[in-house]
Amino acid sequence: MYENLIVCNGPLWFLLTLFMVINIGNILLKKLNPLSIALLGTIIGYLINLTHNESIPDIIANTATGLCFFSLGYWMQGKEKNLWIIIGAFMGYMVSVLMLHSPFVDIRINQCLVDRTGYDYLLWFPACFCGILVLNKISEWAVHIYSFHFLRFIGRNAMIFYVVHAIPLYITVNVLENAYNVPINSNLGIVCKTFVCMITILFLCGFIKNYLNIKNK
């Protein structure tokens, strides 16, 4: 519990954080402006990141950063339909990928895995938020082509994805590190992990939809 981990299936740490974020977020949104909550969550996460104090439970930092994105999502309701916002988000995301080399924070332990500028932790928030907006819009556009909203489908069947996706992910990590000596947090390692997760998600979408007879709504 101290490291907010579930033995044998590490990714399930997210469930406790999600519970905390939703409940605390709904309380705070009744009293504070969403942008104030986002700023507060960013500051708390950043200060904990600076201290590198292992005595602070992981749940505090990852709940704070989760509140940032939760409140930004609340604030963006209705605004995401504005094409100029999506264009700006796409440009911001591409800048983060091409110029900043995708600042990446492991949310569970609140650590910036590769800090090239000294400020990558702070740059990660806008870069990640831009990526979320772009992915959501692509998912909406895909509905008109495939008549299938995959992000909504994943959300409605989240527990299956949470439980299963760790298995191929762990296999990939072991193969990369032990068979090919590829550092798992290197650019190649992150790309491989992301690719495996994407393939797993697509496979599970098909399996749930076709064999478990769960309809997409």
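Residues numbered from 1 in each chain as written. Predicted model: local features only at pLDDT ≥ 70, side-chain atom pairs only at ≥ 80, totals over all residues. Heavy atoms only, no water.

Novice: Give me the lowdown on the packing of helix H1 (residues 13-28) against helix H3 (residues 58-75), citing residues and values where you can.
Specialist: Running from N to C, H1 and H3 cross one another at 55 degrees; their axes reach a closest spacing of 9 Å. Our classification of the angle between H1 and H3 gives oblique. Helix-helix and strand crossings are classified by hand; for H1 and H3 the assignment is right-handed. Contacts between H1 and H3 involve Trp13, Leu16, Thr17, Met20, Val21, Ile22, Ile24, Gly25, Asn26 and Leu28 from the former and Ile59, Asn62, Thr63, Gly66, Leu67 and Phe70 from the latter. Class assignment for the residues of the contact of H1 with H3 results in 10 nonpolar, six polar and no charged. (Axes fitted to C-alpha atoms, helices over the stretch in contact; angles between N-to-C directions. Helix = DSSP H or I, 4+ residues; strand = E, 2+ residues; numbered from the N terminus. Parallel < 35°, antiparallel > 145°, perpendicular 65-115°, else oblique. Left-handed = near helix turned anticlockwise from the far one by under 90°. Contact = heavy atoms within 4.5 Å. Nonpolar A, V, L, I, M, F, W, Y, C, P; charged D, E, K, R; others polar.)

Novice: So, the nonpolar core: which residues are in play, and what are the values?
Specialist: Among the nonpolar cores identified, the biggest contains 16 residues, and Tyr121, Phe125 and Phe129 are the most heavily contacted of them. In terms of residue count, helix H5 (residues 120-146) provides more of this core than any other element does, seven residues in total. The residues contacting Tyr121, other than those within four sequence positions of it, are Gly45, Tyr46, Asn49, Thr65, Val105, Asn110 and Cys112. (Core = buried A, V, L, I, M, F, W, Y, C linked by side-chain atoms within 4.5 Å. Buried < 20%, exposed > 50% of the residue type's maximum accessible area, 1.4 Å probe, protein only.)

Novice: How would you summarise the environment of Phe69 if you had to cite specific residues and measurements?
Specialist: Examined against the element boundaries, Phe69 turns out to sit in helix H3. Residues Phe69 and Thr42, spaced 27 residues apart in sequence, show a C-alpha to C-alpha distance of 9.3 Å.

Novice: Give a description of the packing of aromatic side chains that names residues and reports values.
Specialist: Scanning the model with the defined rule gives six aromatic pairs in all. Between Phe69 and Phe125, the ring centres sit 5.8 Å apart and the planes meet at 20 degrees, which makes this aromatic pair stacked. A residue pair is termed long-range when its members are at least 10 positions apart, and Phe69 in helix H3 and Phe125 in helix H5 qualify at 56 residues. Considering the side-chain rings of Tyr121 and Phe125, the 5.5 Å spacing of their centres and the 70 degrees angle between planes classify their relative orientation as edge-to-face. Residue Tyr121 and its partner Phe125 are both found in helix H5; the two are separated by four residues, about one turn of the helix. Relative accessible area serves as the criterion here: at 2%, Tyr121 is assigned to the buried category. Judged by its relative accessible area of 5%, Phe125 is buried. Among the aromatic residues, those joined into a cluster by ring pairs are Tyr46, Phe69, Tyr121, Trp124 and Phe125. (Phe/Tyr/Trp six-rings, centres within 6.5 Å; stacked < 30°, edge-to-face > 60°.)

Novice: Which residues make up a nonpolar patch on the surface, and what are the values?
Specialist: The grouping of Leu83, Trp84, Ile87, Phe90, Met91, Ile138 and Trp141 at the surface amounts to a nonpolar patch, some 800 Å² of accessible area in total. Looking at the nonpolar patch, the elements with two or more residues in it are helix H4 (83-98) and H5. By the element assignment, Trp141 lies in helix H5. Using a relative accessible area of 45% as the deciding quantity, one classes Trp141 as partly exposed. (Patch = residues over 30% accessible without salt bridge, like charges linked within 9 Å, V, L, I, M, F, W, Y side chains within 5 Å. Areas by Shrake-Rupley, 256 points an atom, 1.4 Å probe, with all protein chains shown as cover. Salt bridge = Lys/Arg side-chain N within 4 Å of Asp/Glu carboxyl O.)

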